[in-house]
Amino acid sequence: MKVLGNISNEGYVCTIYEDEEGRVYFTADADIDADGANGQNGKQPAYTINDSGSEFLANGGMKITNGKVICAKSWARSIVILDSDNEPKVFPNGIIASMTWYRHSGKSMSDPTAYVDAETVPYIVVPPLVVQKTKGIVRGCRARVTYNGNSVDCVVADRGPKNRIGELSIAAARALGIPSSPRHGGLTMPNVFYELWPGQAAEGYELQSA
C-alpha cells in the first residue's frame with residue numbers, strides 16, 4: 001500500500017491510497033454531481049433556461065441575464081455545450097446540456113447524448129491527483145462506492161477540481177440511500193468509501209486515456 005496524496009479542502013483530510021494490485025481507495029464525503037444529465041433518458045436534466053433543472057445554474061457557473069443563460073464563471077464553458085456566441089446552447093425543452101469527462105465513442109462533443117447521464121448511471125468523480133498518480137487509465141474504469149453497508153458498482157465518468165474529492169452521480173447516491181438532490185443532498189461527513197480500479201474498464205464502457 002502506498003499513499004498517492006492528501007486533499008484537505010473539504011474540512012477534513014482525505015488520504016488517497018493505492019494497494020499492490022493497483023486498486024485506489026479513499027474515504028470521503030458525498031457531493032452530488034448532476035453533469036451529463038441532459039434528459040436523454042426521459043429524466044430531469046441538470047440545467048434549464050429557467051433554472052428548474054435538478055441543479056442550480058449558479059452551481060454550474062451560470063446565471064440568467066436579460067432572459068438568457070450566460071456563463072458567469074469562465075470555467076462554466078468547460079462543462080456545458082456552447083453555442084456560436086460562446087454561451088450555453090439551448091436544446092429542445094429549454095435544456096442546457098452539461099458534459100462529463102467521459103464521452104461515448106462515435107458521438108460528437110456537441111451531442112447531449114454523448115455524455116454519461118448522472119440521473120440514470122452510477123458514476124464517481126475523481127480529482128486530477130488520482131489521474132496523474134496512477135499507472136492505469138482512470139477514465140472509464142470500474143469503481144465501487146460503499147455507504148452504510150450498501151455498495152453500488154460505478155464507472156469513473158467525471159473529473160473534478162484538484163482541491164475537491166468525494167463526489168458521485170445522482171444515480172449512485174440514490175442507489176446508496178444518500179440524499180440525491182444536487183441542490184440540497186449529499187453528505188458532509190467523510191463516511192463514504194470509494195474504490196476504483198485504474199486499467200480495468202467498467203462494464204459497458206471503454207478506457208479512455210487522459
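Q: Mind showing me how you'd approach the pairing of strand β13 (residues 187-201) here?
A: Regular strands show a simple pattern: their side chains alternate between the two faces of the sheet. Here six bridges tie strand β3 (residues 24-33) to β13, and the two strands are oriented antiparallel to one another. Directly across from Phe26, in β13, lies its bridge partner Tyr194. Note: strand β10 (residues 141-147) against β13, six bridges, orientation antiparallel. Across the sheet, residue Ala143 finds its bridge partner in β13, namely Leu196.

Q: Would you take a moment to explain the nonpolar core for this structure?
A: Across soluble globular proteins, nonpolar side chains have a tendency to be buried as a group. Ile16, Leu168, Ile178 and Leu196 are the most contacted members of the largest nonpolar core, which totals 57 residues. Contact partners of Leu168, with chain neighbours within four places excluded, come to Ala30, Asp31, Ile32, Asp33, Tyr123, Ile124, Val145, Ala173, Leu176, Ile178 and Tyr194. Membership of the second largest hydrophobic core comes to seven residues, among which are Phe91, Ala97, Met99 and Tyr115.

Q: Would you take a moment to explain the sheet that holds strand β4 (residues 47-48) for this structure?
A: Paired through backbone hydrogen bonds, the strands of a sheet run either parallel or antiparallel to each other. Spatially, β4-β8-β7 is the arrangement adopted by the three strands of the open sheet, whose pairing is antiparallel. Each end of this open sheet is capped by a strand with a single partner; those strands are β4 and β7 (90-91). Both β4 and strand β8 (residues 95-96) contribute to a ladder of two bridges, which runs antiparallel. Residue pairing in the sheet places Tyr47 in a bridge with Ile96 of β8.

Q: Can you walk me through the pairing of β3 in this structure?
A: Along β3, eight of the ten residues are buried, which leaves the element largely enclosed by surrounding structure. Taking the residues that link successive antiparallel strands as the turn, the strand β2 (residues 14-18)-β3 hairpin has five residues, and the phi of Gly22 there is positive, at about 95 degrees.

Q: What should I look at first to understand the packing of aromatic side chains in this one?
A: Each aromatic ring pair is described using two quantities: the centre-to-centre distance and the angle formed by the ring planes. For the structure on display, the rule yields four aromatic pairs. Look at Phe26 and Tyr194: their rings are 5.0 Å apart centre to centre, the planes differ by 15 degrees, and that puts the pair in the stacked class. In this pair, Phe26 is assigned in strand β3 and Tyr194 in strand β13, connecting sequence segments 168 residues apart. Judged by its relative accessible area of 2%, Phe26 is buried. Taken together through their ring pairs, the aromatic side chains of Tyr17, Tyr25 and Phe193 make up a single cluster. The lysine or arginine in question, Arg23, covers the ring of Tyr25, its NZ or CZ lying 4.2 Å from the ring centre. For the cation-ring pair, Arg142 lies above Trp197, with the distance from its terminal atom to the ring centre recorded as 3.9 Å.

Q: So what exactly am I meant to see when it comes to the environment of Arg144 here?
A: Residue placement: Arg144 occurs in strand β10. Taking relative accessible area as the criterion, Arg144 reaches 27% and is therefore assigned partly exposed. For Arg144 and Tyr194, which are 50 residues apart along the polypeptide, the C-alpha to C-alpha distance reads 6.0 Å. When sequence neighbours within four positions are dropped, the list of residues in contact with Arg144 reads Ser151, Val152, Asp153, Cys154, Phe193, Tyr194, Glu195 and Trp197.

Q: Help me understand the pattern of salt bridges, please; the structure alone is not making it clear to me.
A: Side chains that differ in charge, positive against negative, can pair when their charged atoms come close. Applying the stated rule across the entire model yields ten salt bridges. Linking Arg23 and Glu195 is a salt bridge whose minimum nitrogen-to-oxygen distance equals 2.7 Å. A residue pair is termed long-range when its members are at least 10 positions apart, and Arg23 in the loop between β2 and β3 and Glu195 in strand β13 qualify at 172 residues. Pair check on accessibility: Arg23 and Glu195 agree, each one buried. A salt bridge links Glu87 to Arg77; the nearest nitrogen and oxygen atoms lie 3.0 Å apart.

Conventions and cut-offs
- Residues numbered from 1 in each chain as written.
- Predicted model: local features only at pLDDT ≥ 70, side-chain atom pairs only at ≥ 80, totals over all residues.
- Heavy atoms only, no water.
- Pairing = 2+ DSSP bridges.
- Helix = DSSP H or I, 4+ residues; strand = E, 2+ residues; numbered from the N terminus.
- Core = buried A, V, L, I, M, F, W, Y, C linked by side-chain atoms within 4.5 Å.
- Buried < 20%, exposed > 50% of the residue type's maximum accessible area, 1.4 Å probe, protein only.
- Contact = heavy atoms within 4.5 Å.
- Phe/Tyr/Trp six-rings, centres within 6.5 Å; stacked < 30°, edge-to-face > 60°.
- Lys NZ or Arg CZ within 6 Å of the ring centre and 35° of its normal.
- Salt bridge = Lys/Arg side-chain N within 4 Å of Asp/Glu carboxyl O.

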